[in-house]
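# Descriptive analysis of the structure
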Amino acid sequence: MDSIAKPRHKQGVTQMLKDSPGKDTLFAAIDKTWPAAALVEAGPWLLREGRGGGKRVSATTAKSPWQPEDLPAAESAMRLMGQSPLFMIRQGETALDEALAARGYDKVDPTVIRLAPIETLTDRPLPRVTAFAIWEPLAVMFEIWEEGGLDPARIQVMERCSAPKTGLFGRVSDRPAGTGFCAIHDGVALVHALEIREDHRGKGLGAWMMRCAALWAQRKGARWIGALVTEANEHANGLYQSLQLEITSRYHYRILSDAESDET
């Protein structure tokens, strides 16, 4: 686990989080910083065309009150888009969750949204030649993403993002060791696709890259920094908890197929 974060007064951070962005703002930031190829409004649903970019850019969400008879229409629309029926269930959407479970949908990828005031990660300078904010990404950054399982369809998600954005590039012992992506919407900077090469993990680089993202985002006017991480990812949750990114909301998916649980 990365361990360079210095202890803070958690009560102070928690107090600041009482004024944090609401659920609607957070999920709008997710859509803008990790965007679907297309958005389609259909009755009470917002459908996303993912083009292979993973669950987050392919899942349907409820945008207004729905009725049970609206569910088969959503399923048909998703199939017409060439996608398996897939819904994102955001915190508090219990009725939709239960209705989909009754229709045979499996629950996958419980995910937390972690957030902190930007100042939490901008209190110290970066060590020289450790972490950089770079756009366009360097060739070695694409190599690190590929090693971590990020395929070209997910790279295209970053490329089509129209929000203020940057790549993150990290080095350990003068060697390329990590990469990531950060973009901003409505004052919220979200870090996505953070990947550290296996032989450089546990050396503090992930924390410095998060601080690099925060310093870049602060210069762009962001007030908050966050990340999305599955509950099962103990290492990433440990890193973000050490940096005092607190859990502010949750979501999971309901899916009819046996799709892999590899994308939040």
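Right above here is the structure, for reference.
Report follows, based on the coordinates.

Basis of the calculations
- Residues numbered from 1 in each chain as written.
- Predicted model: local features only at pLDDT ≥ 70, side-chain atom pairs only at ≥ 80, totals over all residues.
- Heavy atoms only, no water.
- Salt bridge = Lys/Arg side-chain N within 4 Å of Asp/Glu carboxyl O.
- Helix = DSSP H or I, 4+ residues; strand = E, 2+ residues; numbered from the N terminus.
- Buried < 20%, exposed > 50% of the residue type's maximum accessible area, 1.4 Å probe, protein only.
- Core = buried A, V, L, I, M, F, W, Y, C linked by side-chain atoms within 4.5 Å.
- Contact = heavy atoms within 4.5 Å.

Below, the discussion takes up the pattern of salt bridges. For the structure on display, the rule yields 14 salt bridges. The shortest N-O distance in the salt bridge between arginine 103 and glutamate 75 comes to 3.0 Å. Residue arginine 103 is located in the loop between α4 (94–102) and β5 (106–117), and its partner glutamate 75 is located in helix α3 (residues 70–80); the two are separated by 28 residues in the primary sequence. One salt bridge in this structure joins glutamate 147 and arginine 197, with 2.9 Å as the shortest N-O distance. Of this pair, glutamate 147 sits in helix α5 (residues 139–147) while arginine 197 sits in the loop between β9 (188–196) and α7 (205–219), and the two are 50 residues apart along the sequence. Overall, glutamate 147 belongs to the exposed group, its relative accessible area being 52%. The exposure class of arginine 197 is buried, given its relative accessible area of 18%.

Let us now look at the nonpolar core. If you look at the biggest cluster of nonpolar residues, it comprises 31 residues, and the most contacted ones within it are Met210, Ile225 and Tyr240. Of all the elements in the fold, those that place two or more residues in this core are β5, β7 (165–172), β8 (175–185), β9, α7, β10 (224–230) and α8 (234–242). For this core, the element with the highest residue contribution is α7, accounting for 9 residues. Dropping the residues within four chain positions of it, isoleucine 225 is found in contact with Arg114, Leu115, Ala116, Pro117, Ile118, Leu121, Ala189, Val191, Met210, Ala213, Ala214 and Leu245. Listed in part, the 17 residues of the second largest apolar core include Phe27, Ile30, Ala59 and Tyr251.

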